[in-house]
Amino acid sequence: MSKALIPTYDICSLAMGKPASEDILVARFSEYLAAHRDIHFPHRHSFYHLAFFTAGGGSHTIDFEKFPVKPGQLYFMVPGQVHSWFFSGGIEGYVMNVSAGFFNAFLQDADYVERFPFFSGVSAEGVVQLPKAAIPVVTAQFEGMLKEMKGDQAYSQDMLRLQVLGMFIAVSRASRQGETRQELPHNYVLLRNFRKLVEQHYMQLRLPKEYAALLYVTPNYLNAFCRHMLGKSAGEIIRDRVLLEAKRLLINADMSIATIAYQLNFADNSYFTKFFKKYAGTTPEEFRKHIS
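What you see is a predicted model; the values in this text were computed from it and never measured.

Student: I keep staring at the pattern of salt bridges and nothing clicks. Help me out?
Tutor: Note on pairing: side chains with opposite charge can pair once their charged atoms come close. Overall, the coordinates contain eight salt bridges when judged by the stated rule. R248 is paired through a salt bridge with E245; the nearest N and O atoms lie 3.8 Å apart. Taken as a pair, R248 and E245 lie in helix α7 (residues 234-250) at a separation of three residues, close to a single helical turn. Across this residue pair, the class does not change: R248 and E245 are buried.

Following this line, the structure appears as structure tokens:
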């Protein structure tokens, strides 16, 4: 496979003078932008990335979906997502980069962080508009993290873990205030397991019945469950993941359409082109020209 055109950053490369061993970075957004002026171009991270805006405007594109930037808005991104931004009006807020292993020494459940709905890896689900009353609460939590980052007290890493998890919980509670339907815990477990299986096997397994067998449910149940939880069939969720990867690969100008079709396990280039045009509304060639 050719070298990807989109750069992938790790925490060390965006450390802003912090030691290379740090698993977390918290900074004011204006200072972060000043230190990394080129990161408005499309890029991805090997860590969890969070942006919280308190002033300014513009747009933020995550996995080819564009969102208007507004004060009181948070963007949660999982490792591997492609994003870029265009800011205007004196942007301000906070940014957090945190490794997947940051919480491992603290939590018995290694998948705990993935339970939060904003870390699903679906662009729209990772954008949270806080209620007005919650904005000062989350702002104060970020200020507390900045203070802890600058200090040199005992148990500072554990205190940061507590503060970050506390912020995640506060955001989750605030963003669910308008919900009228409360799902049972096992529904979220099944949904998370299905999404993880799709992430692992979407290049080889394309049929809902294949995932249903891995989850020990019937295909009809899996489809009904996905429609209930997400408003989409299981087949649509699988297809959306294949389409997203196709778009990510098409950004790489060094890869031919035929190579991408092979990479995604399509029978031939023609079948891939038909699939892409049907669900993206344009041909792979036209999509590549539009984003270049």
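So that's the structure; there's more coming.
Student: Help me out: how do you make sense of the packing of helix α2 (residues 135-150) against helix α3 (residues 156-175) in this one?
Tutor: Helix packing for two helices is described by the angle between their axes and how far apart those axes are. Viewed as axis vectors pointing N to C, α2 and α3 meet at an angle of 165°, and their least axial separation amounts to 10 Å. Regarding the angle of α2 to α3, the classification is roughly antiparallel. The two elements α2 and α3 cross, and the hand of that crossing is left-handed. Contact residues: α2 offers V138, Q141, F142, G144, M145, E148 and M149, while α3 offers S156, M159, L160, Q163, V164, G166, M167, A170 and V171. Each residue belonging to the contact of α2 with α3 can be placed in one class, and the counts come to ten nonpolar, five polar and one charged.

Student: I'm lost on the environment of A55 in this one. Help?
Tutor: Relative to the assigned elements, A55 resides in strand β4 (residues 48-62). Along the backbone, A55 and C226 are 171 residues apart, and their C-alpha atoms lie at a distance of 37 Å. With near-sequence residues (within four places) excluded, A55 lies in contact with P71, G90, I91 and E92.

Student: How should the packing of aromatic side chains be read in this particular structure?
Tutor: The geometry of an aromatic ring pair comes down to the distance between the two centres and the angle between the two planes. Counting across every chain of the model gives 31 aromatic pairs. Judged by centre distance (5.1 Å) and plane angle (75°), the ring pair of F102 and F103 falls under edge-to-face. We classify F103 as buried; its relative accessible area is 4%. When the ring of F194 is compared with that of Y211, the centres are 5.8 Å apart and the planes differ by 90°; the resulting orientation is edge-to-face. Residue F194 is found in helix α4 (residues 185-201), and its partner Y211 is found in helix α5 (residues 208-215); the two are separated by 17 residues along the sequence.

The rules behind these values
- Residues numbered from 1 in each chain as written.
- Predicted model: local features only at pLDDT ≥ 70, side-chain atom pairs only at ≥ 80, totals over all residues.
- Heavy atoms only, no water.
- Salt bridge = Lys/Arg side-chain N within 4 Å of Asp/Glu carboxyl O.
- Helix = DSSP H or I, 4+ residues; strand = E, 2+ residues; numbered from the N terminus.
- Buried < 20%, exposed > 50% of the residue type's maximum accessible area, 1.4 Å probe, protein only.
- Axes fitted to C-alpha atoms, helices over the stretch in contact; angles between N-to-C directions.
- Parallel < 35°, antiparallel > 145°, perpendicular 65-115°, else oblique.
- Left-handed = near helix turned anticlockwise from the far one by under 90°.
- Contact = heavy atoms within 4.5 Å.
- Nonpolar A, V, L, I, M, F, W, Y, C, P; charged D, E, K, R; others polar.
- Phe/Tyr/Trp six-rings, centres within 6.5 Å; stacked < 30°, edge-to-face > 60°.

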